[in-house]
Amino acid sequence: MKNIFCILFSIISISSFGQDIDINIQTGDFYRDKMINTTLSFSESDNNGGIIAVRNAEATLTSNPYPKEYFIEHYDKNLKLIKEITITNDNMSQFKGLMIKNGKINLIEFEYDKENMRINVNILESNIDDLKFEKKLLISLNQDNFKAYFGSSGLDFLNNEFKFINKNPIGHIIFSEKKEFFTIQFDHIEKKNNVHYFLVYNSNFEKEYEVKHWNKNQYTDFNNIKLSDYNGTLFFLQKVFENNSQRTEKNGKTNYHYELFKYNALANTQINIKEDTKFISSLFILPKINDVSLVGFYSSKDDSYIEGICHYNINLNDLKTKEKSFEPLSKQFFIDKYKKGISEKSKKLRNLKVINLIIDKAENIIISAEEYTLENPNLDTQNNTLNKNTSYSEFLKEANHHYDDILSIKINNEGKIIWSRNINKAQTGIKKSSYISTYQNGNAYYFINGNLKKLKNDRIVFLQSGLSKSDLYLISIDDNGFKYKKIMDDNKSNIWYDLRNGVISKDRKSIILQGIKKRSKQIIKIDI
């Protein structure tokens, strides 16, 4: 890449603008990319104040899920580019993860070897200083392991399993929060059963154990997976419908229950969670030292409504429920969200997608979710598949993504709500919608692209920004209230910030973004 102009290193404290939201923003140099569509895939600290960034050049309007090239970049503490290399992707492969340990960079690669009918998981290792990578095989799987993956390009399988069509054609990786462990996960169909296969490794790339989870019930929705940092335990949660039907209600009661599985190298344990009159649309797992928490949204009407937050504390050894709670959303939430406040609480919240869950040192839980809807005439939403004879390029052209309001909720270890707030937002399209968030020292931080509009009753809403520019806003929520501030003004720079592909550091104190101006890119680091 060629350096075209330079922005001076800057540190911006929001408190200098009359607000007590204190952050630092570093902006690196702008470089002209030889590829138009590049995305920040991974980023980690080099443990010397700098960062390692991995970007990929995406294929556009095509069913090919494999990036054309990867750019590996090393930046110093001032975000000056020290060294960069380009890795051309000539095979059917994807980088799935980045780990930095003991002065080494490790890239985890999944490669589909079509000629030999194998899926190879490789580790590309390099010293931080020279970016000279050597490839080592971690594990190789053949068609006896995954017959559904072989015999074609995989697109038929992807069409049947639509949720993997974009990111995970040959499996994916889940890390524990601090990357002490990771699991390689493959999901496929075998003998008409859904099979989830996990290979669990520690951070030294030593295999701990493997799990093959068979789901023989066709009326089951896979719900959530979490890997514990404490001992590598794998938690698997699924929603199981009853009475041979995927109806959520029967005779006024819930027609489903949840099954939580705990896997490790020694044994596995299972518990069922059933509530007759509380409709829990989804649950999420949060491992702790001695317990595991489950949190989700509930309603007394049906799955499409949301009244509040449910919370379970479960003993880690025997998976027995120690305590549970169901807490309604606060009055303040409805004042934030609706023009008429609490009187409009009966309205439905649309398709909540949980973006992140954080547990702090006091074991408070912070939940960030977004109202997301995908509209497309070629998508069979009931079966989550593409309609017959629809190409992937046709799907992309007609897809309409809606990223609307953000929910921010904090509960204590007993499930009591500390705050529940709503950030009004109405955005359409993938490019500059959605947000990125983190949490530090009792504050939840939300970064949003868009145009701010003030509403009546001291309410605000963030609207879609223009195609070529976007202001960047910061919203801070704590036990005492809600604050917001414009932190990057785009009146002159015509830069927008790729929040959807931003990277949060392991300690949650930094966010790495890619700033984009036409074909030029820069790395931005925000320290909380």
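Residues numbered from 1 in each chain as written. Predicted model: local features only at pLDDT ≥ 70, side-chain atom pairs only at ≥ 80, totals over all residues. Heavy atoms only, no water.

A.B. asks: Looking at this structure, how should I read the overall build of the protein?
C.D. replies: Broken down by element type, the protein carries three helices and 40 strands. Residue pairs at least 24 apart in sequence account for 50% of intrachain contacts in the protein once pairs closer than 6 positions are excluded. Accessible surface, the protein as shown: approximately 24,200 Å² in total, 44% of it carbon and sulfur. (Helix = DSSP H or I, 4+ residues; strand = E, 2+ residues; numbered from the N terminus. Contact = heavy atoms within 4.5 Å. Areas by Shrake-Rupley, 256 points an atom, 1.4 Å probe, with all protein chains shown as cover.)

A.B. asks: Please explain the sheet that holds strand β15 (residues 207-215) as it appears in this structure.
C.D. replies: Strand pairing in a sheet relies on backbone hydrogen bonds, with the paired strands running either antiparallel or parallel. Taken together, four strands build an open sheet; the order of strands is β12-β13-β14-β15 and the sheet is antiparallel. Pairing within the sheet leaves two strands with one partner each, and these edge strands are β12 (172-175) and β15. In this sheet, adjacent strand axes meet at a mean angle of 20° when their direction is disregarded. Sheet topology places β12 next to strand β13 (residues 181-190); four bridges connect them, and they run antiparallel. Looking at the pairing, I173 lines up with I184 of β13. (Pairing = 2+ DSSP bridges. Axes fitted to C-alpha atoms, helices over the stretch in contact; angles between N-to-C directions.)

A.B. asks: So what exactly am I meant to see when it comes to the sheet that holds strand β5 (residues 51-57) here?
C.D. replies: Spatially, four strands are ordered β4-β5-β6-β7 in an open sheet, and the strand pairing comes out antiparallel. In this open sheet, the two strands that pair with only one neighbour each are β4 (38-45) and β7 (81-88). Averaged over all neighbouring strand pairs, the angle between strand axes comes to 20°, with direction disregarded. Looking at chain direction, β4 and β5 are connected through seven bridges and run antiparallel. Of the residues in β5, the one forming a bridge with E44 is I52.

A.B. asks: Please clarify how the packing of aromatic side chains should be interpreted in this entry.
C.D. replies: A complete count under the given rule lists 17 aromatic pairs for this structure. Aromatic pair F241 and Y256: ring centres 5.8 Å apart, planes at 65°, arrangement edge-to-face. Here Y256 lies in strand β20 (residues 256-263) and F241 lies in strand β17 (residues 234-241), a separation of 15 residues in the sequence. Each member of the pair, F241 as well as Y256, carries the same accessibility label: buried. Across the ring face of F175, the terminal group of K179 is positioned such that the distance to the ring centre comes to 4.6 Å. Stacked on the ring of Y256, the Lys or Arg K239 has its end atom at 4.3 Å from the ring centre. (Phe/Tyr/Trp six-rings, centres within 6.5 Å; stacked < 30°, edge-to-face > 60°. Buried < 20%, exposed > 50% of the residue type's maximum accessible area, 1.4 Å probe, protein only. Lys NZ or Arg CZ within 6 Å of the ring centre and 35° of its normal.)

A.B. asks: How should I be thinking about the side chain of K337 in this particular structure?
C.D. replies: Mapped onto the elements, K337 comes out in helix α2 (residues 331-337). Of the residues examined, K337 reaches a relative accessible area of 9% and is grouped as buried. Those residues within four positions of K337 in sequence are excluded, and the remaining contacts are L349, E371, D405, N422, N424 and R459.

A.B. asks: Any chance you could explain unusual backbone geometry here in plain terms?
C.D. replies: Leaving glycine out, the prevailing phi sign among residues is negative, and the prevailing peptide bond configuration is trans. Residue M117 is not a glycine yet carries a positive backbone phi of 55°. Note on placement: M117 falls in the loop between β9 (104-113) and β10 (118-127). The phi angle at E363 is positive, at roughly 65°, despite the residue not being glycine. Along the chain, E363 falls in the loop between β26 (352-359) and β27 (365-375).

A.B. asks: Explanation requested: the pattern of salt bridges in the structure shown.
C.D. replies: In a structure, side chains of opposite charge can pair up when their charged atoms sit close to one another. In this structure the tally under the stated criterion is 25 salt bridges. A salt bridge links E125 to K136; the shortest N-O distance between them is 3.8 Å. Of the two residues, E125 sits in strand β10 while K136 sits in strand β11 (residues 134-142), which places them eleven residues apart along the sequence. The salt bridge involving K288 is made with E363; its shortest N-O contact spans 3.8 Å. Taken together, the positions of K288 in the loop between β22 (279-287) and β23 (291-299) and E363 in the loop between β26 and β27 put the pair 75 residues apart, joining distant regions of the chain. The partly exposed category is assigned to E363, whose relative accessible area is 26%. Shared partners join several salt bridges into a network, and the residues in it are D33, R55, E73 and K521. (Salt bridge = Lys/Arg side-chain N within 4 Å of Asp/Glu carboxyl O.)

A.B. asks: For this particular structure, what's the right way to read the environment of G296?
C.D. replies: Relative to the elements of secondary structure, G296 occurs in strand β23. The class of G296 is buried, set by a relative accessible area of 4%.

A.B. asks: Would you mind showing me how to read the pairing of β17 here?
C.D. replies: Along a regular strand, successive side chains alternate from one face of the sheet to the other. Burial analysis of β17 places eight of its eight residues in the buried class, which makes it a mostly covered element. Residue alternation in β17 divides its side chains into two sets, L234, F236, Q238 and V240 and F235, L237, K239 and F241, and both sets are buried. Two successive antiparallel strands, strand β16 (residues 220-227) and β17, enclose a turn made up of six residues, where G232 displays a positive phi of approximately 80°. Relative to β20, β17 runs antiparallel, the two sharing eight bridges. Counterpart to L237 in the pairing with β20 is L260.

A.B. asks: What is the right way to look at the confidence of the model for the protein in this model?
C.D. replies: Parts of the model with low pLDDT should not have their predicted coordinates read in detail. Residues at a pLDDT of 70 or more form 83% of the protein, whose mean pLDDT is 84. No element of the protein has a lower mean pLDDT than helix α1 (residues 155-160), which averages 37, and none a higher one than β20, which averages 96. Note on residues 150-168: pLDDT is under 50 here. Beyond four places in sequence and across chains, it has 41 contacts. (pLDDT = per-residue confidence, 0-100.)

A.B. asks: What's the story with the environment of S505 in this structure? I'm lost.
C.D. replies: For S505, the position within the fold is in the loop between β38 (503-504) and β39 (510-517). A distance of 3.2 Å separates a polar atom in the side chain of S505 from the backbone nitrogen of K509. (Polar contact = N/O pair within 3.5 Å; in protein donor to acceptor, adjacent residues only side chain to side chain.)

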